[in-house]
Amino acid sequence: MYINATGYYIPTPRIDNEYFKSKIGLDDEWIVKRTGIHTRSRTAENENQNTMALRAVENALPSLPYNIKDVDLIVASAYTAFDTVATVAHEIQKAYDINGARALYTSSACSSFVNGLEVVEGYFATGKASKALLICSEHNSYYSNDDDPKAGHLWGDAAVAYFLSAKPCAEGEPEILAIHTEGLGNVSKGPEGVMLRPREGGIMMPFGKDVFVHACKYMIDALDKAGEMAGGLSAKDMDHIICHQANLRIVANVARQLGIPMEQFVNNIGELGNTGSAGAPLAFAQFRDSFPAGSKIGLTVFGGGYSCGAFIVRI
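Since the model is a prediction, treat every value here as computed from it, not as a measurement.

Undergrad: Where do I start with the pairing of strand 12 (residues 296-303) in this structure?
TA: One face of the sheet, then the other: side chains in a regular strand alternate in exactly this way. Burial analysis of strand 12 places seven of its eight residues in the buried class, which makes it a mostly covered element. As paired strands, strand 11 (residues 240-243) and strand 12 are joined by four bridges and run parallel to one another. Following the sheet pairing, histidine 240 is matched in strand 12 by isoleucine 297. With eight bridges joining them, strand 12 and strand 13 (residues 307-314) adopt antiparallel strand pairing.

Shown next as C-alpha cells:
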C-alpha cells in the first residue's frame, strides 16, 4: 500500500500554560514536567471537525497524482465526532462530488487512524477499492473540560488526510510495509481508562497512571509486531519513530526501554498538545519531506478503551 499524498490542517489559535494557571492553578513548570506541553492548538469559533478535515484534504491536493474523483473509498477515523450520522467521510464526498465511493466512519480512541488504515488495507486486499482517502480530524476542545485538573490541559485540535493506493501512482511514493492493530478492552482498566461521554462531562481520564503504564507497554508491543510483519524489522532498524502524541514522558519512557535516543523520535506535542488519533500521522505528514529516501519510519499508538496499533513506512 502506498501513500500518494498527505495533507494536514492545524488551527492557528494557541492556548498556553498560563491559561491553566489562572483557570485551575496548574503552572507552566508543573505541566511541562509532566506532559511536555507548552501550548496546544485550538479551533477558532467558526471551525469544527468537518472544516478542519476539508482543509486537510485541500492541503494534500496539490501533490495528489490523480483526480480526487478517482477515489473509491473514503474512511473517516476519529473519536471526536461532530455528527455521528452525516460523518466526515460523507462531508468530503459531498464537497468534492466523489460519485460512487464507499464512505464510512471508524473509531477506536487514539488508535482510530491506524484502525482506519487497516480497514483501507482490507478493502484493497479484497479488490473492492484501489484508491482511498483516510481522514482523521480530532476536535478535542469540542468535548474537553478546561476545568478538569486531570486531563483538561492536555488537548489540542488538528486534522490530517492521507491519499492511499493499492499500487504506486507516482515515482518515489512512501510504502506502508505493515500494519498491526489490537483491541485491549480486556486489559486492566480498559474502557474505564479514558472515556468520552458527551452528556456526562466530556473527555475524562480518571486513571492516568494506568494509561501511562499500558501506553508504554503496548506501543512497544505493537511496533514489534508490525516490524515482524514487515520482514523481521526491530525498533532499532527504524530511522525514526513516531509515538502517539499523548505525553512526552511516555515517549521518553518508550525511548529508554528501546535503548533508542530521543533524537530519533519525532514529536509535535510540545506546540500542539494531545491531538488524539491525528497526532502521530500528523507528525509524519509535517516532517515527511525531511526523511531521506530509504528511511524506515515506525508509527505506534495507544488508545483509551484500550487499544493499540502500529505501522511501518519506507520512504
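Undergrad: Mind showing me how you'd approach the nonpolar core here?
TA: Side chains of nonpolar character tend, in soluble globular proteins, to be buried together. In terms of nonpolar packing, the biggest core is built from 45 residues, with Ile241, Val254, Leu258, Phe265 and Phe302 touching the most fellow members. Listing elements by their share of this core, those giving two or more residues are helix 6 (208-229), strand 11, helix 7 (248-258) and strand 13. Among the elements that make up this core, the one with the highest residue count is helix 6 (ten residues).

Undergrad: When you look at the packing of aromatic side chains in this model, what are you seeing that I'm missing?
TA: When we look at a pair of aromatic rings, we describe it by the centre distance and by the angle of the planes. In total, this model carries eight aromatic pairs according to the counting rule given. Taken together, a centroid distance of 6.1 Å and an interplanar angle of 50° make the contact between phenylalanine 82 and tyrosine 142 tilted. Of this pair, phenylalanine 82 sits in the loop between strand 4 (73-77) and helix 4 (88-96) while tyrosine 142 sits in the loop between strand 6 (131-139) and strand 7 (157-165), and the two are 60 residues apart along the sequence. For tyrosine 142, a relative accessible area of 44% gives the class partly exposed. Ring centres 5.0 Å apart and planes at 50° place the aromatic pair phenylalanine 302 and tyrosine 306 in the tilted group. Comparing phenylalanine 302 with tyrosine 306 shows no difference in burial state: the two are buried.

Undergrad: What am I meant to see in helix 7 here?
TA: Since the α-helix turns once every 3.6 residues, residues separated by three or four places project in the same direction. Those residues of helix 7 that sit buried are Ile250, Val251, Asn253, Val254, Ala255 and Leu258. Elements in contact with the buried residues of helix 7: helix 6 and strand 11. Near the N-terminus of helix 7, the side chain that reaches the backbone nitrogen of arginine 249, with its oxygen 2.7 Å away, is that of asparagine 247. Just past helix 7, the residue glycine 259 takes up positive phi, approximately 70°.

Undergrad: Help me understand the pairing of strand 13, please; the structure alone is not making it clear to me.
TA: Among the eight residues in strand 13, seven count as buried, and that is most of the element. Across eight bridges, the pairing between strand 8 (residues 175-183) and strand 13 is antiparallel. Within strand 13, the position partnered with threonine 181 by the bridge is glycine 309. As consecutive antiparallel partners, strand 12 and strand 13 are separated by three residues, and within that stretch glycine 305 has a phi angle of approximately 135°, a positive value.

Conventions we followed
- Residues numbered from 1 in each chain as written.
- Predicted model: local features only at pLDDT ≥ 70, side-chain atom pairs only at ≥ 80, totals over all residues.
- Heavy atoms only, no water.
- Buried < 20%, exposed > 50% of the residue type's maximum accessible area, 1.4 Å probe, protein only.
- Helix = DSSP H or I, 4+ residues; strand = E, 2+ residues; numbered from the N terminus.
- Pairing = 2+ DSSP bridges.
- Core = buried A, V, L, I, M, F, W, Y, C linked by side-chain atoms within 4.5 Å.
- Phe/Tyr/Trp six-rings, centres within 6.5 Å; stacked < 30°, edge-to-face > 60°.
- Contact = heavy atoms within 4.5 Å.
- Polar contact = N/O pair within 3.5 Å; in protein donor to acceptor, adjacent residues only side chain to side chain.

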